[in-house]
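Coordinate analysis (summary)
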Amino acid sequence: MIHTVLGKRLVSFTAKDGNEVKGVSLYLGYETEGVEGMAADKVFIPAAKMPKNDIVVGSEVDVLFNRYGKVEAIRN
């Protein structure tokens with residue numbers, strides 16, 4: 001599904017198991033049935049799954065989710 005990047009935040013934290021987690025929280029807007037205007041979601045993209053080229057606020061990205069609802073891949 002195509003999403004519009006509304007915002008992004010660099011994230012770095014220590015997980016419960018003690019490992020450091022790095023990535024980006026993306027704030028995404030998209031059109032969907034039953035919503036006037038755009039719906040919005042926040043998704044976490046681990047650093048390992050970020051595309052090589054930078055994601056720019058205002059650009060469109062294609063986000064692919066796995067069967068558990070986690071981001072599998074992102075293309076810009």
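Residues numbered from 1 in each chain as written. Predicted model: local features only at pLDDT ≥ 70, side-chain atom pairs only at ≥ 80, totals over all residues. Heavy atoms only, no water.

Below, the discussion takes up the side chain of Asp62. As for its placement among the helices and strands, Asp62 is situated in strand 4 (residues 60–65). Buried charge without a salt bridge: Asp62, with Arg75 as the nearest opposite-charge side chain at an N-O distance of 4.0 Å. One polar contact links the side chain of Asp62 to the main-chain amide nitrogen of Met1, over a distance of 3.1 Å. For Asp62, the residues in contact, after removing those within four places along its chain, are Met1, Ile2, Ala73, Ile74 and Arg75. (Helix = DSSP H or I, 4+ residues; strand = E, 2+ residues; numbered from the N terminus. Buried < 20%, exposed > 50% of the residue type's maximum accessible area, 1.4 Å probe, protein only. Lys, Arg positive; Asp, Glu negative; His and termini not counted. Salt bridge = Lys/Arg side-chain N within 4 Å of Asp/Glu carboxyl O. Polar contact = N/O pair within 3.5 Å; in protein donor to acceptor, adjacent residues only side chain to side chain. Contact = heavy atoms within 4.5 Å.)

We now examine the pairing of strand 1 (residues 2–14). For strand 1 and strand 4, the ladder comprises 3 bridges, and the chain directions are antiparallel. Within the sheet, the bridge partner assigned to Thr4 lies in strand 4 and is Glu60. By the bridge criterion, 10 bridges tie strand 1 to strand 2 (residues 20–30) in an arrangement that is antiparallel. Across the sheet, residue Val11 finds its bridge partner in strand 2, namely Gly23. The hairpin turn running from strand 1 into strand 2, its antiparallel successor, is 5 residues long, and Gly18 in that turn takes a positive phi close to 95°. (Pairing = 2+ DSSP bridges.)

We now examine the environment of Arg9. In this structure, Arg9 sits in strand 1. Considering only alpha carbons, one finds Arg9 and Glu31, 22 residues apart in sequence, at a separation of 22 Å. Those residues in contact with Arg9 that sit more than four places away from it in its chain are Gly23, Val24, Ser25 and Tyr27.

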